[in-house]
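Spelled out from the first residue to the last, the chains are:
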Amino acid sequence: MNARSILPFFLATAAPSLQAADASPDFAGSLGQTLFGLAIVIGLLLASLWLLKRLSAPRGAAAGLKVLGAVAVGARERVVLVEIAGQVLVLGVTASNVRTLHTVAAAELADAALAEPSAHASGDFPGWLRRAMERRNDAR
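Going along each chain's sequence as written, the residues are numbered from 1 onward. Local features are withheld for residues below a pLDDT of 70 in this predicted model, meaning they are given only at 70 or higher, and side-chain atom pairs are given and counted only at 80 or more; totals for whole chains, interfaces and linings count all residues. In computing side-chain values, all of the structure's heavy atoms are included and hydrogens and water are not.

**Q** Would you take a moment to explain the overall build of the chain for this structure?
**A** In this description a helix means any DSSP run of H or I spanning at least four residues, a strand means any run of E spanning at least two, and both kinds are numbered starting from the N terminus. Of the regular secondary structure elements, the chain holds four helices and four strands. Going from N to C terminus, the chain has its helices and strands arranged as α-β-β-β-β-α-α-α. The classification of residues rests on relative accessible area computed with a 1.4 Å probe and restricted to protein chains. Under 20% of the type maximum is buried, over 50% is exposed, and intermediate values are partly exposed. Burial statistics for the chain: of 140 residues in total, 14% are counted as buried. Long-range contacts, defined here as pairs at least 24 residues apart, represent 15% of the contacts in the chain between residues at least 6 apart. Whether two residues are in contact is decided by their heavy atoms, any of which lying within 4.5 Å being enough.

**Q** What is the right way to read the sheet that holds strand S2 (residues 78–84) from this model?
**A** Here, any two strands with at least 2 DSSP bridges between them count as paired. Read from one edge to the other, the open sheet built from four strands follows the order S1-S2-S3-S4, with strand pairing classed as antiparallel. Here the strands that pair on one side only, and so sit at the sheet edges, are strand S1 (66–72) and strand S4 (98–105). Taking the axes of each pair of neighbouring strands and ignoring which way they run, one obtains an average angle of 20° across the sheet. Here strand S3 (residues 87–93) pairs with S4 via seven bridges, running antiparallel. Within the sheet, the bridge partner assigned to Val88 lies in S4 and is Val104. With axes taken as lines fitted to C-alpha atoms, and helix axes fitted only over the stretch in contact, angles between N-to-C directions fall between 0 and 180 degrees.

**Q** Can you help me understand the environment of Val98 in this one?
**A** Here Val98 lies in strand S4. Spatially, the C-alpha atom of Val98 lies 9.6 Å from that of Val79, the residues being 19 residues apart in sequence. Dropping the residues within four chain positions of it, Val98 is found in contact with Leu91, Gly92 and Val93.

**Q** Help me understand the environment of Ala106, please; the structure alone is not making it clear to me.
**A** With respect to the element layout, Ala106 can be found in helix H2 (residues 106–115). Every residue in contact with Ala106, bar those within four places of it in the chain, is listed here: Glu83, Gly86, Gln87 and Val88.

**Q** Explain the pairing of S2 here, please?
**A** Working note: regular strand, side chains alternate between the two faces of the sheet. Of the strand pairs in this sheet, S1 and S2 are connected by six bridges, and their pairing is antiparallel. Within S2, the position partnered with Ala70 by the bridge is Val80. Taken together, S1 and the strand that follows it, S2, pair antiparallel across an intervening segment of five residues. By the bridge criterion, seven bridges tie S2 to S3 in an arrangement that is antiparallel. The residue of S3 that forms the bridge with Ile84 is Gln87. Turn length for the S2-S3 hairpin, with the two strands adjacent in sequence and antiparallel, is two residues, and the turn residue Ala85 shows positive phi of about 50°.

Put into structure tokens, the structure is as follows:
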């Protein structure tokens with residue numbers, strides 16, 4: 001083999017590596033653009049979620065409302081414990097209306113929960129409701 005026959009062979013094998021070296025900066029630039037675009041989309045998503053959370057927060061009278069517990073007593077009926085303005089309301093909720101069944105001071109409810117920790121800890125809402133209604137009937 002002489003020098004003239006080696007030169008075309010060398011140029012043919014070196015050309016792809018030269019092209020790969022030229023393509024490398026273009027790949028890095030497109031990767032950078034892709035990552036930047038992804039960061040923008042994720043940032044917009046997080047900002048949208050934050051804004052949605054801020055706008056969906058309860059306002060007005062519902063802001064002071066706190067649901068303490070609920071139990072189903074029928075197919076579409078529930079008894080719900082709601083705390084508002086230092087009072088705990090026992091509400092009967094049906095498909096057509098809501099009625100106040102009983103009203104208890106929040107402090108009284110806290111004292112009752114401390115006196116009967118086993119019933120409160122096990123989530124015995126029906127038992128607590130029965131005892132509260134019995135106390136209410138005894139007070140009359």
